[in-house]
Structures are given as C-alpha cells and as structure tokens.
Amino acid sequence: QAQLEESGGGLVQAGGSLRLSCVASERIFSGFYMGWFRQAPGKEREFVAGIGWRGGTTYSSDSEKGRFTISKDNAKSTMYLQMNSLKPEDTAVYYCAASWKVTTDENDYAFWGQGTQVTVSS
C-alpha cells in the first residue's frame, strides 16, 4: 500500500552500474514533481535528480557529470535512476520522493519512499 516504493539497490563493484526504480501511485506520479535523494552515512540528505510531469529534468552537480540519468515511464507510473561508473562515494540510501512543486529542497517533498541501499565496493 506504499505510495512510493524504491527498488534496484544492492552491492556493486566500483565502475559498475545499477538502475533504481520508483513505483508511485498514478495520482502522485501524474500530479507531483518526482525526485531522487540520497543520504550517505554521517552526511546530510542530498538531492540527486528530479523530473517533471512533462519530462523536464534537474540534476545535481554530481549527476550533471553524466554518470546518472533520470527517466520515467508514464504507463507504468515508474521513475528510474540509471547509475553508471559507480564510485565508492556513491554509497548511500537512495530515496524516491514527490514534491508539491519543482524544487531541490527536501523540505518541499511531501511523500517519501522507504529507501533502497546502494553500496559500491572498491
């Protein structure tokens, strides 16, 4: 019954790839701005990438390096985060979230998934 549900995390060697998925209810998926956040051990939660209902995207500085790509499948009400060339510093819990508006501020996100662990081994 979770309104947002992440999956796809796991253990991967440095240089490897993972694709995270976030399945949302149709109501949330179509009516809110969707984003990915991550929180590494001992660090603040940070914005990774976001995508609007028309497909417009926003990336963090790390994501803008080209290693991460956000996308969505409207028919499946599913958002994705493709992560390539993973580094140990990418290790974090990754969260799917939905906001009332286009924003990178976690305080503006009203709905959150439970998170999926990504661990990158050196």
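The structure we're discussing is the one just above.
So, how was this worked out
- Residues numbered from 1 in each chain as written.
- Predicted model: local features only at pLDDT ≥ 70, side-chain atom pairs only at ≥ 80, totals over all residues.
- Heavy atoms only, no water.
- Helix = DSSP H or I, 4+ residues; strand = E, 2+ residues; numbered from the N terminus.
- Polar contact = N/O pair within 3.5 Å; in protein donor to acceptor, adjacent residues only side chain to side chain.
- Salt bridge = Lys/Arg side-chain N within 4 Å of Asp/Glu carboxyl O.
- Buried < 20%, exposed > 50% of the residue type's maximum accessible area, 1.4 Å probe, protein only.

In this section: the side chain of Thr91. Locating Thr91 in the fold gives a position in the loop between β8 (78–83) and β9 (92–99). A distance of 2.9 Å separates the side chain of Thr91 from the backbone oxygen of Pro88, its partner in a polar contact.

One pass over the full model with this rule turns up four salt bridges. One salt bridge in this structure joins Asp90 and Arg67, with 2.7 Å as the shortest N-O distance. Here Arg67 lies in the loop between β6 (57–59) and β7 (68–73) and Asp90 lies in the loop between β8 and β9, a separation of 23 residues in the sequence. Residue Asp90 shares its accessibility class with Arg67, and that shared class is buried. Salt bridges here are not isolated pairs; linked through shared partners, they connect Arg38, Glu46, Arg67 and Asp90.

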